[in-house]
Amino acid sequence: MWNVKRIVILAAVLSALAAFYFLAGDRRSRIAREKREAARVLPLTGGSAVQFLSLEQKATDAITLTKIGDAWRVKKPVTYPAEDFVAEGLGTALTTTTWEDSFPVAGADLQEMGLSDPAVKIGVGFDPAPSEVRTLLLGNPVPTGGFVYARWQDEDKIFLVHNQFARSFEKTLYTVRKKRVFDIGWEGVQGVEVTLPGRE
């Protein structure tokens with residue numbers, strides 16, 4: 001029969017095994033989380049947030065967006081309120097999207113990858129009028145499909161991002177500016193009357 005001593009020893013062994021597997025699982029989860037963070041296109045540190053964006057595309061005028069307080073504004077090519085959800089979506093795409101694979105710039109054919117003359121340049125800053133702007137270059141699609149070559153201008157690394165990520169930055173001024181017919185305050189409006197010719 002089991003005596004008290006054996007039961008205590010068995011309980012201690014089981015507790016030790018449980019603690020080991022818990023710590024091992026926690027360590028694996030932490031390592032996986034750190035890898036995901038490191039693979040983000042734009043990792044954030046110290047509670048920073050994107051407050052400046054510039055989009056340069058070959059086919060359209062360059063667009064600059066800044067966040068003043070809680071609202072985004074278009075600064076170039078015109079000054080106008082921006083669609084907040086569009087601007088926030090671009091910042092979120094940068095900070096939450098992860099790249100698929102990476103390799104060093106050394107030995108890479110930047111012209112073939114479209115990174116010597118990129119189709120899209122994305123400037124990012126963490127202040128509305130940043131003194132330092134990081135620039136992400138988006139190049140050609142990967143021949144095998146599904147991905148696009150990308151590179152931060154200040155880094156010696158090329159990585160692959162999904163086509164959908166690249167397409168999300170193909171914006172025009174019409175896309176990013178706020179759409180409104182009348183610039184009026186709606187707080188005091190209690191009704192709207194529409195009159196059409198020939199109809200009551």
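Residues numbered from 1 in each chain as written. Predicted model: local features only at pLDDT ≥ 70, side-chain atom pairs only at ≥ 80, totals over all residues. Heavy atoms only, no water.

K.L.:
Account for the overall build of the protein, naming residues and giving values.
P.N.:
Each helix and strand counted, the protein has 5 helices and 9 strands in total. Burial statistics for the protein: of 200 residues in total, 31% are counted as buried. Across the protein, the fraction of contacts at a sequence separation of at least 24, relative to all contacts at a separation of at least 6, is 55%. A total of about 13500 Å² of accessible surface is found on the protein, and carbon and sulfur atoms cover 55% of it. (Helix = DSSP H or I, 4+ residues; strand = E, 2+ residues; numbered from the N terminus. Buried < 20%, exposed > 50% of the residue type's maximum accessible area, 1.4 Å probe, protein only. Contact = heavy atoms within 4.5 Å. Areas by Shrake-Rupley, 256 points an atom, 1.4 Å probe, with all protein chains shown as cover.)

K.L.:
Break down the environment of Gly-125 for me, citing the residues and quoting the values.
P.N.:
When you line up the elements, Gly-125 lands in strand β6 (residues 120-125). The buried category is assigned to Gly-125, whose relative accessible area is 0%. With 10 residues separating them in the primary sequence, Gly-125 and Thr-135 have C-alpha atoms 9.1 Å apart. When sequence neighbours within four positions are dropped, the list of residues in contact with Gly-125 reads Ala-49, Val-50, Gln-51, Phe-52, Pro-130 and Glu-132.

K.L.:
Could you give me a rundown of the environment of Leu-94, with the residues and numbers involved?
P.N.:
As for its position among the elements, Leu-94 is in helix α2 (residues 84-96). Excluding anything up to four places from it in sequence, Leu-94 contacts Val-41, Leu-42, Leu-53, Ile-122, Val-124, Leu-136, Phe-165 and Phe-169.

K.L.:
Mind laying out the pairing of strand β8 (residues 147-152), listing which residues take part and the relevant values?
P.N.:
The element β8 is largely enclosed, with a buried count of 6 among its 6 residues. Burial of β8 is two-sided: the residues Phe-147, Tyr-149 and Arg-151 facing one way and the residues Val-148, Ala-150 and Trp-152 facing the other way are all buried. Sheet analysis places strand β7 (residues 134-141) next to β8, joined by 4 bridges and oriented antiparallel. Each bridged residue has a counterpart across the sheet, and for Pro-141 the counterpart in β8 is Val-148. A loop of 5 residues connects β7 with β8, the two strands running antiparallel in sequence, and Gly-145 in this loop sits at a positive phi of about 90 degrees. Both β8 and strand β9 (residues 157-162) contribute to a ladder of 4 bridges, which runs antiparallel. Residue pairing in the sheet places Ala-150 in a bridge with Phe-159 of β9. Here β8 hands over to β9 after 4 residues, the two strands then running antiparallel side by side. (Pairing = 2+ DSSP bridges.)

K.L.:
Account for unusual backbone geometry, naming residues and giving values.
P.N.:
Along the chain, Lys-76 connects to Pro-77 via a cis peptide bond; the corresponding omega equals 5 degrees. With respect to the helices, strands and loops of the structure, Pro-77 is situated in the loop between β3 (71-76) and β4 (80-81).

K.L.:
So, the sheet that holds β3: which residues are in play, and what are the values?
P.N.:
Pairing within the open sheet is antiparallel, and its 9 strands lie in the order β4-β3-β2-β1-β6-β7-β8-β9-β5. The strands lining the two open edges of the sheet, one partner per strand, are β4 and β5 (101-104). Relative to β7, β6 runs antiparallel, the two sharing 5 bridges. What sits directly across from Gly-123, in β7, is Thr-135.

K.L.:
Describe the pairing of β6, with residues and values.
P.N.:
When you tally the buried positions in β6, you get 5 out of 6 residues, the bulk of the element. Bridge analysis of strand β1 (residues 52-57) against β6 gives 6 bridges, and the strand direction is antiparallel. Counted as the bridge partner of Leu-53 is Val-124 from β6.

K.L.:
How would you explain α2 if you had to name every residue and give the values?
P.N.:
An ideal rise of 1.5 Å per residue puts 18 Å on 13 residues; α2 measures up with 18 Å between its terminal C-alpha atoms. Buried within α2 are the following residues: Val-86, Ala-87, Leu-90, Gly-91, Ala-93, Leu-94 and Thr-95. (Expected span 1.5 Å × (residues − 1).)

K.L.:
I'd like a description of the nonpolar core, backed by residues and values.
P.N.:
As a rule of thumb, soluble globular proteins bury nonpolar side chains together. Leu-65, Leu-94, Ile-122, Leu-136, Leu-138, Val-161 and Phe-165 are the most contacted members of the largest nonpolar core, which has 30 residues in total. The element contributing the most residues to this core is α2, with 5 residues. If we skip the residues at most four places from it in the chain, Ile-122 touches Ser-54, Leu-55, Leu-94, Arg-134, Thr-135, Leu-136, Leu-138 and Phe-169. Listed in part, the 9 residues of the second largest apolar core include Met-113, Phe-147, Ile-158 and Leu-160. (Core = buried A, V, L, I, M, F, W, Y, C linked by side-chain atoms within 4.5 Å.)

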